Amino acid sequence: MNLRRLAAVWHARNLEFLRDRATLIFNFLFPLALVVAFALIFGGEPRALFKVDVLAPPGAALDAGLHPFLGTRHVDFVRIGADDLEATIRKVERHQVDLLVDLRAAPRYWVNEDSPKGYLAEKLLLESAGGRAARQPVTGAAVRYVDWLLPGILGMNMMFSCLFGVGYVVVRYRKSGFLRRLSATPVTALEFGAAQVLSRLLLTLTVTSLLYGALSLLVPFRNEGSVLLLFAVAAAGALSMIAFGFMMAARFTSEELATGAINLASWPMMLLSGVWFSLEGAPQWLQHAARALPLTWMLDAARAVMLDGAGLPAVLPALGVLVGMAVLFLAIAAAGFRWRSD
Amino acid sequence: MTPVLEVRDLVKQYPSVRAVDGVSFSIREGCCFGLLGPNGAGKTTTVEIMEGVTSATSGVVLYRGEPLGAGFRDEAGIQFQKTSLQEFLTVRETLALFTRLYPKRRSVDELIRLCALEQVAERDNRKLSGGQLQRLLLAIALANDPRVIFLDEPTTGLDPQARRNFWDLVQAIKAEGRTVLLTTHYMEEAYLLCDEIAIMDRGRIIAEGPPSQLLAEHFDDVVLELPRRDFGGDPAGFPLPLLATADRIEISTRDVEGALRALLERGASLRQLRIRPRNLEDLFLELTGRELRA
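Residues numbered from 1 in each chain as written. Chains lettered and ligands numbered in written order. Predicted model: local features only at pLDDT ≥ 70, side-chain atom pairs only at ≥ 80, totals over all residues.

### Thoughts on the overall build of chain A
Point 1. A count of helices and strands for chain A gives twelve helices and five strands.
Point 2. Projected onto its principal axes, the C-alpha positions of chain A cover 85 × 40 × 35 Å.
Point 3. Looking at chain A residue by residue over its 342 residues, the buried ones come to 40%.
Point 4. A separation of at least 24 residues holds for 79% of the contacts in chain A among residues at least 6 apart in sequence. (Helix = DSSP H or I, 4+ residues; strand = E, 2+ residues; numbered from the N terminus. Buried ≥ 20, exposed ≤ 12 C-beta atoms within 10 Å, placed from the backbone. Contact = placed C-beta atoms within 7 Å.)

### Details of the overall build of chain B
Point 1. A tally of helices and strands in chain B yields eleven helices and 14 strands.
Point 2. Counting only C-alpha atoms, chain B reaches 70 × 45 × 40 Å along its principal axes.
Point 3. Going through the 294 residues of chain B one by one, you find that 40% of them count as buried.
Point 4. For chain B, restricting intrachain contacts to residue pairs at least 6 apart in sequence, the fraction spanning at least 24 positions comes to 70%.

### What about the environment of Glu113 of chain A?
Residue and element names in this part refer to chain A.
Point 1. Relative to the helices and strands, Glu113 is located in the loop between strand 4 (108-112) and helix 4 (116-129).
Point 2. Residue Glu113 is classed as exposed on the basis of its 12 C-beta neighbours within 10 Å.
Point 3. Once the C-alpha coordinates of Glu113 and Asp76 are considered, the two residues, 37 residues apart in sequence, prove to be 20 Å apart.
Point 4. Beyond its immediate stretch of four places on either side in the chain, Glu113 contacts Pro137 and Thr139.

### A word on the sheet that holds strand 6 (residues 76-79) of chain B
Across a sheet, strands are paired by hydrogen bonds formed along the backbone, either parallel or antiparallel in direction.
Residues and elements named next belong to chain B.
Point 1. Across the sheet, which stays open at both edges, the six strands sit in the order 6-7-8-3-9-10 with mixed pairing between neighbours. The outermost strands of the open sheet, each flanked by one partner alone, are strand 6 and strand 10 (204-209). Strand after strand, the sheet turns through a mean of 15° between neighbouring axes, direction not considered.
Point 2. The pairing of strand 6 with strand 7 (residues 148-152) spans four bridges and is classified as parallel. Bridge assignment links Gln79 to a residue of strand 7, and that residue is Leu151.
Point 3. Helix-sheet contacts for helix 5 (residues 130-141) involve strand 6 and strand 7, and the interaxial angle to strand 6 is about 160°. (Pairing = 2+ DSSP bridges. Axes fitted to C-alpha atoms, helices over the stretch in contact; angles between N-to-C directions.)

### Digging into helix 1 (residues 3-19) of chain A
Point 1. Between its first and last C-alpha atoms helix 1 of chain A spans 24 Å; for 17 residues at 1.5 Å apiece the expected length is 24 Å, and the two agree.
Point 2. Those residues of helix 1 of chain A that sit buried are Arg5, Leu6, Ala8, Val9, Trp10, Ala12 and Arg13 of chain A.
Point 3. Buried positions along helix 1 of chain A lie against helix 7 (189-218) of chain A together with helix 3 (91-99) of chain B. (Expected span 1.5 Å × (residues − 1).)

### Concerning the sheet that holds strand 4 of chain A
Residues and elements named next belong to chain A.
Point 1. Judged by pairing direction, the sheet is mixed, and its five strands sit side by side in the order 2-1-3-4-5 without closing on themselves. Both outer strands of the open sheet, strand 2 (75-79) and strand 5 (134-138), are each paired with one neighbouring strand and no more. Mean inter-strand twist for the sheet, computed between neighbouring axes without regard to direction, equals 25°.
Point 2. Bridge analysis of strand 3 (residues 99-102) against strand 4 gives four bridges, and the strand direction is antiparallel. Bridging across to strand 4, Leu99 finds its partner in Val111.
Point 3. Against the sheet, helix 3 (residues 85-93) makes contact with strand 1 (50-55), strand 3, strand 4 and strand 5, and its axis sits at roughly 35° relative to strand 4, the strand it touches most.

### Quick look at the pairing of strand 3 of chain A
Residues and elements named next belong to chain A.
Point 1. Covered by surrounding structure in strand 3 are Leu99 and Val101 together with Leu100 and Asp102, the residues of both alternating faces.
Point 2. In terms of strand pairing, strand 1 meets strand 3 through four bridges, oriented parallel. Each bridged residue has a counterpart across the sheet, and for Val52 the counterpart in strand 3 is Leu99.
Point 3. The antiparallel pairing of strand 3 with strand 4 creates a hairpin that spans five residues between the two strands.

### Brief notes about the domain arrangement of chain B
Point 1. Domain parsing of chain B yields domain 1 (5-216) and domain 2 (220-277).
Point 2. A straight line from the C-alpha centre of domain 1 of chain B to that of domain 2 of chain B covers 39 Å. (Domains from an automatic or database assignment.)

### Regarding the interface of chain B and chain A
Point 1. Contacts between the two partners involve 20 residues from chain B, matched on the other side by 18 residues from chain A.
Point 2. Put simply, the parts of the chain that give the side of chain B that touches chain A at least two residues each are helix 2 (72-75) and helix 3 of chain B.
Point 3. With three residues, the top contributor of residues to the side of chain B that touches chain A is helix 3 of chain B.
Point 4. For the side of chain B that touches chain A, a count of residues per class yields ten nonpolar, three polar and seven charged. (Nonpolar A, V, L, I, M, F, W, Y, C, P; charged D, E, K, R; others polar.)

### Considerations on the nonpolar core
Residue and element names in this part refer to chain A.
Point 1. Counting 144 residues, the largest nonpolar core has Val233, Ile242, Ala243, Phe246 and Val305 as the members making the most contacts within it.
Point 2. Contact partners of Val305, with chain neighbours within four places excluded, come to Gly225, Ser226, Leu229, Leu230, Val233, Ala310 and Val315.
Point 3. Within the second largest apolar cluster, 15 residues are counted, among which are Val52, Leu70, Val101 and Val111. (Core = buried A, V, L, I, M, F, W, Y, C linked by C-beta atoms within 7 Å.)

### Comments concerning unusual backbone geometry
Residue and element names in this part refer to chain B.
Point 1. Of note in the backbone geometry, Phe88 takes a positive phi value of approximately 70° without being a glycine.
Point 2. Along the chain, the position of Phe88 falls in the loop between strand 6 and helix 3.
Point 3. Residue class for Phe88 comes out partly exposed when judged on the 19 C-beta atoms lying within 10 Å of it.
Point 4. With phi around 45°, Glu153 is a residue other than glycine that occupies positive phi space.
Point 5. Assignment of secondary structure puts Glu153 in the loop between strand 7 and helix 6 (160-175).

### Some thoughts on the packing of helix 5 (residues 145-176) of chain A against helix 7 of chain A
Residue and element names in this part refer to chain A.
Point 1. Where helix 5 meets helix 7, the closest approach of the two axes is 10 Å, and the angle between their N-to-C directions is 155°. Looking at the two axes, helix 5 sits roughly antiparallel to helix 7. In the crossing of helix 5 with helix 7, the sense of the turn from one axis to the other is right-handed. Together, Leu150, Leu154, Met158, Ser161, Cys162, Gly165, Val166 and Val170 of helix 5 and Gln196, Val197, Arg200, Thr204, Val207, Thr208, Leu211, Tyr212 and Leu215 of helix 7 make up the contact between the two elements.
Point 2. Residue composition of the contact of helix 5 with helix 7, grouped by class: eleven nonpolar, five polar and one charged. (Parallel < 35°, antiparallel > 145°, perpendicular 65-115°, else oblique. Left-handed = near helix turned anticlockwise from the far one by under 90°.)

Shown next as structure tokens:
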């Protein structure tokens, strides 16, 4: 690996990117549209809808016969098991559940004193229960869907930028014959690949950081952890996804074929990596399969930092896996790299 | 003395065609060696095998007596027949990219001067004319200050003026004592630039040697050329062998006076008559029965 050669190819690719105005604008415009959509959808107050989790005696139906409160309309009652009690209390703390009621013995309930919806749900409960329920107050700031979704959207945007940004360009270079010309120089596939990956990394991290800044102004969201650590997670994730894109482009000679293949790879990531919804309820094998996708590791680590305030030790395994994946993808790509299209 | 480059029994078999069919030749230091032949003769395949870009089916390529090693790319300068460069870069930036890929290199300014690119140094390389682009590709081939330079049909598609300018550059490179391997289907180019040529046809070498020597070996006559309409009437029955094309008559002879008399006797107009020595195009026709650019 010759760093001077790597730097030369990296620099040339950066110049090309900065001067290709149409592509550059698109790379900023798409995220901007995301910000606007986000601000419109999530900028207002959270919608009023009560969600109450209920711990009931086994076999008992969740209706007014068990407790008058369960006959209240416009409240979403969900039965939970005794094992889920601790996890559900955490949800109350995060405002994901407005009230948790335990009806197995003398009624008692958990309510978040910072939650306006919790306050109203509590009023309804006490009204129907005639005040006979033991109060278990908790506190904690809300985790709204937007807080959960935001890392997913940023991650998805990064994924598309990473996969297509490097994959499409490499195939175009191959088709035009530029790679063939480079193959007559001492540049190795690994040097060329590393230069492309690092160039794209610079761009993706710049765009994502700007996007993060713009969103934090428009849609105040939650970040419990270190911004620096979050940046490290984003860098490791982008690195592995760009290397994945480069691997996809290692042999294809037509842009159409490469686009199809990258699309094929990006859709599972979009659905299985937890961009839009959590896979917690999905079958075990599907969750295992999702572990093979770099986006899954990045999003899990990013959410751990942003929602739970996880520190470096907690996300270190994810960082290691992501960097390891990047090295693996790059090595596979370099080993099977094709310089010419004929 | 060991030749700089030598190929022995080179064969390249593609699924449906044998592009190179047992080619051997050697190039001495400082020589400009020309591979001359029509399109599809196997010139480019031969050169790409010698560059180490394409693999041969069988046969060997020796560089200074040794098989091509990893270091060969540092010492060879290559200009492909067709190349596309990175977009959105200027001529200067493109040269900077390529020079940085080599341990030994010429400065960008020197390359710009050498290849007469001063006027377009800051121009996007997609906005160059054909001649300017070929000069840039030549400059890229010279980026590592190579001792051996491969030029694959560098002037194809250029206008006559641009072609002449390019010849001047190649002459300057030769004058520096560098070894040049040039492929072309322009016999004039080969005659002007090359110290030695090998004529290729259908994957084989059909003649090899210095151009003037080759001509002397095969011909001892001259060609009388005149327009078809000036010749008048049916060419059949003319006492001397001749070649008739749609617009031209060519008479090859050692007896110029006799040929002129025969022409005057049939009443041909000699106003546009031209007498020229034999050239490589004639040689190709002689050897293959086909025209070089047919």
